[in-house]
Amino acid sequence: MIADLRTLVAIPTGHRHEPGLEETRSILIGRLTALGATPHRVSGDRAPDWLREGAVSAAPQRPPPFIVCRKERANARVRVLLCGHADTVHDPAGDFRELSIAPGGKTATGPGCVDMKGGLLVALAALRAIEEQDLPVSWTFAIVSDEETGSFHCDRALREEAARGYDAALVFEPALPDGGLVVERMGSGQFIIECGGKAAHVGRDFVHGVSAVHALAQTIDRAMRFADPARGLIVNIGPLEGGSATNVVPDSARAWGNVRVGSEAAYQSIREALAGMATVGGLPSTRVQLVFNRPPKPLTPAVQALADLARGVSEDLGRPLPFGRTGGVCDGNNIQASGVPTLDTLGVRGGGLHTTDEWIELDSLVERAQMTAVLLARLANR
Ligand SMILES: [Zn+2]
């Protein structure tokens, strides 16, 4: 597994580096077809044009494909969807490019080693164990190539796959620092506020200008007041831009933002509040667009049962499995919103996610693979 990790980590897949993503997808498809799965390639969608680099790092571009590899068994007693992402946040041209194992061999650093190339190998090892034992599990492995930028390209295909009907989904995001499992997540949406005004020379014609920057500042102030973190409603705004020179009344300004919500009700309330700031006719004008790309992932009874099953497996393997909650989001949000109870932190332990200190506890590769394999076996016997 360490040799495979060295290979995957050395292939750059950050910043939508398509050659590296394609090479990684090919390696994964090769391993999965060797286990008897049939690969399918689905075209990705375009992201909304107003999303851009610096706002959510999801600029319009040629969308990467979504890949599924399906292994059906006639005698299957359970159908499981496994999901992982091939992309990282790391600069393909940066200095942080390979796996380096620390003295003593317990940990290693490398781009994507924990988020989530280690997790991909955990899933592959568990599936290999299932196949060697010929357990009655039908499984599908889904490969997303743009998770770190919100899965705007692969999400529709992933949700359609989840809607084909699975008993459970397993996603291989990194474990919590204590090795724990996230059992509940907030949802997340992206929005843009665009204000329009009328340009005028500041010295000659100021009174005929209408400042879009002033309108945007007032609108931002209103939007921030919608936040109510204690009730599970977070609003963050930035970056923003407006105007062209200090001696011209600015006729355009815009700001990007992110909402996080603990419930569908909180989403509906912020959606209506933001939409209600839009103006109809006249200057200054205000326009708001919102895309809710990550629904909340509540702790449902089915998720609780799945998490308890995983905890039992972990404890039988001699390791406790604490449960946790987070405002962070992942593809698990979207899979569960398609009706499949989902555990989404079955990947490896480590830290420094999204930094050039990203590190992995190497022992966790085997530990998490054991846990996943036994969990799959118990799902088949449940
Ligand atoms: Zn991740």
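In what follows, the structure referred to is the one given above.
It should be emphasised that the depicted structure is a prediction, and the values quoted were computed from it without experimental measurement.

Colleague: Sorry if this is basic, but what is going on with a nonpolar patch on the surface here?
Modeller: A contiguous nonpolar surface patch, about 310 Å² in accessible area, is contributed by Val202, Phe206 and Val207. Accessibility expressed as a relative area gives 33% for Val202, which makes it partly exposed.

Colleague: Sorry if this is basic, but what is going on with the layout of surface pockets here?
Modeller: To find leftover empty space, a probe the size of one water molecule is rolled over the atoms. Approximately 590 Å³ is the volume attributed to the largest pocket. Lining the largest pocket we find 29 residues, and of these Glu147, Glu148, Gly328, Val329 and His354 sit closest to its centre. Secondary-structure elements contributing two or more residues to the lining of the largest pocket are β8 (181–185), β9 (187–196), β13 (252–261) and β14 (285–294). Residue classes in the lining of the largest pocket are distributed as eleven nonpolar, eleven polar and seven charged.

Colleague: Would you mind showing me how to read the sheet that holds β13 here?
Modeller: Backbone-to-backbone hydrogen bonds pair the strands of a sheet. The strands run either parallel or antiparallel. Pairing is antiparallel across the open sheet formed by four strands, whose spatial order is β11-β13-β9-β14. Two strands bound the open sheet, and with one partner strand each, they are β11 (233–242) and β14. When the angles between neighbouring strand axes are averaged without regard to direction, this sheet yields 20 degrees. Pairing of β11 with β13 involves eight bridges; the strand directions are antiparallel. Note that in β13 the partner of Asn236 across the bridge is Asn258. Where helix α7 (residues 264–275) meets the sheet, it contacts β9, β11, β13 and β14, and its direction lies at approximately 165 degrees from that of β13.

Colleague: Which parts of the structure should I look at to understand the coordination of the zinc ion?
Modeller: In an ideal tetrahedron of four donors about a metal, each angle is 109.5 degrees. In an ideal octahedron of six donors, the angles are 90 or 180 degrees. Each protein donor to the zinc ion is listed here as His85 (NE2), Asp115 (OD) and Glu173 (OE); together their distances run 1.9 to 2.1 Å. Sequence positions of the residues that donate to the zinc ion give the spacing H-x29-D-x57-E. Here the residue His85 occupies a position in strand β3 (residues 78–85), and Asp115 occupies one in helix α3 (residues 113–133), the gap between them amounting to 30 residues. Among the residues examined, His85 registers a relative accessible area of 1% and is labelled buried. The class for Asp115 is buried, based on a relative accessible area of 5%.

Colleague: Would you explain the packing of aromatic side chains in this entry?
Modeller: Aromatic ring pairs are reported here in terms of the distance separating the ring centres and the angle at which the planes meet. Tallying each qualifying case throughout the model produces one aromatic pair. On the basis of an interplanar angle of 10 degrees and a centroid distance of 3.6 Å, the ring pair of Tyr267 and Phe292 is categorised as stacked. In this pair, Tyr267 sits in helix α7 while Phe292 sits in strand β14, placing the two residues 25 residues apart along the sequence. Judged on exposure class, the residue Tyr267 and its partner Phe292 are both buried. Just above the ring of Tyr166 sits the side chain of Arg79; from NZ or CZ to the centre is 4.9 Å. The ring of Phe323 carries Arg311 above its face, with NZ or CZ at 3.7 Å from the centroid.

Colleague: Please clarify how the nonpolar core should be interpreted in this entry.
Modeller: A general tendency of soluble globular proteins is for nonpolar side chains to be buried together. Trp139, Phe141, Ile335 and Leu343 are the most contacted members of the largest nonpolar core, which totals 71 residues. In terms of residues, this core owes the most to one element, α3, which gives eleven residues. Sequence-distant contacts of Leu343, that is, excluding residues within four places in its chain, are made with Ala169, Leu170, Val171, Leu181, Val303, Leu306, Ala307, Ala310 and Leu375.

Colleague: Explanation requested: the side chain of Asp115 in the structure shown.
Modeller: For the buried residue Asp115, which engages in no salt bridge, the nearest side chain bearing the opposite charge is Arg185, 9.1 Å off. In this structure, Asp115 is in contact with His85, Asp87, Thr88, Glu148, Glu173, Pro174, Leu353, His354 and Glu358, ignoring residues within four places of it in sequence.

Colleague: What is the right way to read the pattern of salt bridges from this model?
Modeller: Here the idea is simple: oppositely charged side chains can pair when their charged atoms come close. As enumerated under the stated definition, the model contains 28 salt bridges in all. One salt bridge connects Asp228 with Arg231, and the closest N-O pair in it is separated by 3.2 Å. On the accessibility criterion, Arg231 (53% relative accessible area) is exposed. Through salt bridges with shared partners, one network takes in Glu18, Glu22, Arg25 and Arg41.

Colleague: Help me understand the sheet that holds strand β1 (residues 38–42), please; the structure alone is not making it clear to me.
Modeller: Strand order in this open sheet of six strands is β1-β2-β6-β3-β7-β16, and the pairing throughout is mixed. Looking at which strands have only one partner, the edges of the open sheet turn out to be β1 and β16 (342–343). In this structure, β1 lies alongside strand β2 (residues 66–71), joined through five bridges in antiparallel fashion. Note that in β2 the partner of His40 across the bridge is Val68.

Colleague: Please clarify how helix α1 (residues 2–9) should be interpreted in this entry.
Modeller: Side chains of residues three or four places apart in an α-helix project in the same direction, reflecting 3.6 residues per turn. Listed in full, the buried residues belonging to α1 are Leu5, Leu8 and Val9. Across the axial projection of α1, the buried residues extend over an arc of 95 degrees, all falling on one side. Its buried side turned inward, α1 meets α2 (18–34), α3, β18 (359–361) and α10 (363–381).

Colleague: What exactly am I supposed to notice about helix α6 (residues 212–225) here?
Modeller: The terminal C-alpha atoms of α6, which comprises 14 residues, lie 20 Å apart, in line with the 20 Å expected from a rise of 1.5 Å per residue. Turning to α6, its buried residues number three or more, namely Ala212, Ala215, Leu216, Thr219, Ile220 and Ala223. Buried positions in α6, seen along its axis, are confined to an arc of 135 degrees and lie on one side of it. Looking at the buried positions of α6, the neighbouring elements they touch are β9, β11, β13, α7 and β14. The N-capping residue of α6, defined by a side-chain oxygen 3.3 Å from the backbone nitrogen of Val213, is Ser211.

Conventions adopted
Residues numbered from 1 in each chain as written. Predicted model: local features only at pLDDT ≥ 70, side-chain atom pairs only at ≥ 80, totals over all residues. Heavy atoms only, no water. Patch = residues over 30% accessible without salt bridge, like charges linked within 9 Å, V, L, I, M, F, W, Y side chains within 5 Å. Areas by Shrake-Rupley, 256 points an atom, 1.4 Å probe, with all protein chains shown as cover. Salt bridge = Lys/Arg side-chain N within 4 Å of Asp/Glu carboxyl O. Buried < 20%, exposed > 50% of the residue type's maximum accessible area, 1.4 Å probe, protein only. 1 Å grid on protein atoms, 1.4 Å probe; cavity = no way out; pocket = protein on both sides within 12 Å on 5 of 7 lines; lining within 4 Å. Points joined across faces, edges and corners; volume = space filled by probe spheres on them. Helix = DSSP H or I, 4+ residues; strand = E, 2+ residues; numbered from the N terminus. Nonpolar A, V, L, I, M, F, W, Y, C, P; charged D, E, K, R; others polar. Pairing = 2+ DSSP bridges. Axes fitted to C-alpha atoms, helices over the stretch in contact; angles between N-to-C directions. Contact = heavy atoms within 4.5 Å. Donors = N, O, S within 2.8 Å, 3.2 Å for Na, K, Ca; no water. Phe/Tyr/Trp six-rings, centres within 6.5 Å; stacked < 30°, edge-to-face > 60°. Lys NZ or Arg CZ within 6 Å of the ring centre and 35° of its normal. Core = buried A, V, L, I, M, F, W, Y, C linked by side-chain atoms within 4.5 Å. Lys, Arg positive; Asp, Glu negative; His and termini not counted. Arc of directions from axis to C-beta. Expected span 1.5 Å × (residues − 1). Polar contact = N/O pair within 3.5 Å; in protein donor to acceptor, adjacent residues only side chain to side chain.

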